[in-house]
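Structural description and commentary
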Amino acid sequence: MLGTAREIQGSGSEQQYLVDEPTEAGDFILSDKSKDELVQQLKQIGIKRLAAGGLFVFIGTLCISWPWL
């Protein structure tokens, strides 16, 4: 759960916000996107990083095994 921001009474003309329901680890993400949009974006980033890692493993394995091919 990412948490929900809500506006609270500030002193003077200041706008103050409070994030409700932080994660169990105490982390939260401050964003103007919805929770579903953030989850989708983080999934896409994870897939890209996984693909890049797989590519680097393949290239590294190819470089190490090249003398025996």
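Small disclaimer: the values here were computed from a predicted structure and weren't measured. (Residues numbered from 1 in each chain as written. Predicted model: local features only at pLDDT ≥ 70, side-chain atom pairs only at ≥ 80, totals over all residues. Heavy atoms only, no water.)

Scanning the chain for helices and strands turns up one helix and two strands. Secondary structure of the chain in N-to-C order comes out as β-β-α. Looking at the chain as a whole, 4% of its 69 residues are labelled buried. A separation threshold of at least 6 residues defines the contact pool for the chain, and within that pool the share at least 24 residues apart is 14%. Accessible area of the chain: about 6300 Å², with a carbon and sulfur share of 61%. (Helix = DSSP H or I, 4+ residues; strand = E, 2+ residues; numbered from the N terminus. Buried < 20%, exposed > 50% of the residue type's maximum accessible area, 1.4 Å probe, protein only. Contact = heavy atoms within 4.5 Å. Areas by Shrake-Rupley, 256 points an atom, 1.4 Å probe, with all protein chains shown as cover.)

Take the UniProt feature "transmembrane region" (unreviewed entry) in the chain next. The residues that UniProt annotates with the feature "transmembrane region" (unreviewed entry) are residues 50-68. Secondary structure across residues 50-68 comprises 84% helix and 0% strand; the distance between its end C-alpha atoms is 28 Å. (UniProt positions renumbered as here; feature names shortened; annotations may be inferred.)

Take the confidence of the model for the chain next. Averaged over all residues, the pLDDT of the chain equals 81, while 78% of them reach at least 70. Predicted confidence in the chain is weakest over strand E1 (residues 4-8), with a mean pLDDT of 70, and strongest over helix H1 (residues 35-65), with 94. (pLDDT = per-residue confidence, 0-100.)

What follows covers a nonpolar patch on the surface. On the surface, a nonpolar cluster with roughly 830 Å² of combined accessible area is contributed by Leu55, Phe56, Phe58, Ile59, Leu62, Trp66 and Leu69. Looking at where tryptophan 66 falls in the secondary structure, it is placed in the segment after H1. Among the residues examined, tryptophan 66 registers a relative accessible area of 59% and is labelled exposed. (Patch = residues over 30% accessible without salt bridge, like charges linked within 9 Å, V, L, I, M, F, W, Y side chains within 5 Å. Salt bridge = Lys/Arg side-chain N within 4 Å of Asp/Glu carboxyl O.)

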